[in-house]
Amino acid sequence: MLAETILRWVTEYGYIGIFSLLALGILGAPIPDEGVLAFAGYLVYEGKLQFFPVLAAAFLGSACGITLSYGLGRTVGIYLISRFGHAVHITGDKITLAHTWYDHVGKWGLLFGFYLPGVRHLIGFGAGITKLPVSVFARFAFTGAFIWSVTFVSAGYFLGREWTLVFGKIRPTLMTSSIVIVSLLLLYIFGQQLLR
């Protein structure tokens, strides 16, 4: 099972495992990111890892993953849209709308998007495509990565042996929230297109 393999990786490789799994997870690999963080917090609770190095590994892995996603968006994102965008109805008008959205609201998505599975995998790439300034991206994305890491590592630590509640109760709520927010965003974009 994938989850067991991932948890074994965190147990065997410790801080490097946490860093690597989160960097890959933010890029879009099928890794239960919140579970990795909560399990790392549980290992701190058990005395097998130390809190601040776990937090550093989690933050750096998350920040690295979203920065790579942003870099891919800036370098190959426009090419992919120009090459394949017509197939999914992404036109220049929609890119302009995305630029406007990122300038006004999207940076906040970088801050809070980590809490929404699916959104966190795309928000950095979108920021890169729209050429959000690096300084703005870094300020919001890295702050979001830090807050998200602290939240779930602390949850794992304070829940102790009950750390799996992150999977059972918290993650499904985040998934539902993610679906609702993405649906509302798509409705907003669709509504803007109808009004033109």
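Refer to the structure presented above.
A brief report on the enclosed structure follows. Computed from a predicted structure; not experimentally measured.

Among the nonpolar cores identified, the biggest contains 40 residues, and I18, I66, L110, F137 and W148 are the most heavily contacted of them. Mapped by element, the contributors of at least two residues to this core are helix 1 (2-27), helix 2 (33-45), helix 3 (51-84), helix 4 (92-112), helix 5 (119-129) and helix 6 (134-159). What L110 contacts, discounting residues up to four positions off in sequence, is I66, I123, G124, A127, L132, F137, F140, A141 and G144.

The grouping of L24, L27, L68, L72, V76, Y79 and L80 at the surface amounts to a nonpolar patch, some 590 Å² of accessible area in total. For the nonpolar patch, the secondary-structure elements that each account for two or more residues are helix 1 and helix 3. Per-element accounting of the nonpolar patch gives the leading share, five residues, to helix 3. As for its placement among the helices and strands, L24 is situated in helix 1. Look at L24 and you get partly exposed, because its relative accessible area is 44%.

Looking now at the pattern of salt bridges. Here the structure, examined in full by the defined rule, presents three salt bridges. Between E34 and R120 there is a salt bridge, and its shortest N-O distance comes to 2.9 Å. Separated by 86 residues along the polypeptide, E34 in helix 2 and R120 in helix 5 bring together distant segments of the chain. By relative accessible area, which is 0% here, E34 ends up buried. Given a relative accessible area of 1%, R120 falls into the buried group. The partner of R161 in a salt bridge is E46, with the nearest N and O atoms 2.6 Å apart. A residue pair is termed long-range when its members are at least 10 positions apart, and R161 in the loop between helix 6 and helix 7 (165-195) and E46 in the loop between helix 2 and helix 3 qualify at 115 residues. We classify E46 as partly exposed; its relative accessible area is 30%. Connected via shared salt-bridge partners are D33, E34 and R120.

Turning to helix 2, a few remarks are in order. The first and last C-alpha atoms of helix 2 sit 19 Å apart over 13 residues, in line with the 18 Å expected at 1.5 Å per residue. Summarising burial for helix 2: 12 of the 13 residues are buried, a large majority. Once helix 2 ends, the next one or two residues include G47, with phi positive near 80°.

Definitions and cut-offs
Residues numbered from 1 in each chain as written. Predicted model: local features only at pLDDT ≥ 70, side-chain atom pairs only at ≥ 80, totals over all residues. Heavy atoms only, no water. Core = buried A, V, L, I, M, F, W, Y, C linked by side-chain atoms within 4.5 Å. Buried < 20%, exposed > 50% of the residue type's maximum accessible area, 1.4 Å probe, protein only. Helix = DSSP H or I, 4+ residues; strand = E, 2+ residues; numbered from the N terminus. Contact = heavy atoms within 4.5 Å. Patch = residues over 30% accessible without salt bridge, like charges linked within 9 Å, V, L, I, M, F, W, Y side chains within 5 Å. Areas by Shrake-Rupley, 256 points an atom, 1.4 Å probe, with all protein chains shown as cover. Salt bridge = Lys/Arg side-chain N within 4 Å of Asp/Glu carboxyl O. Expected span 1.5 Å × (residues − 1).

Just geometry here; none of it tells us what the structure is for.
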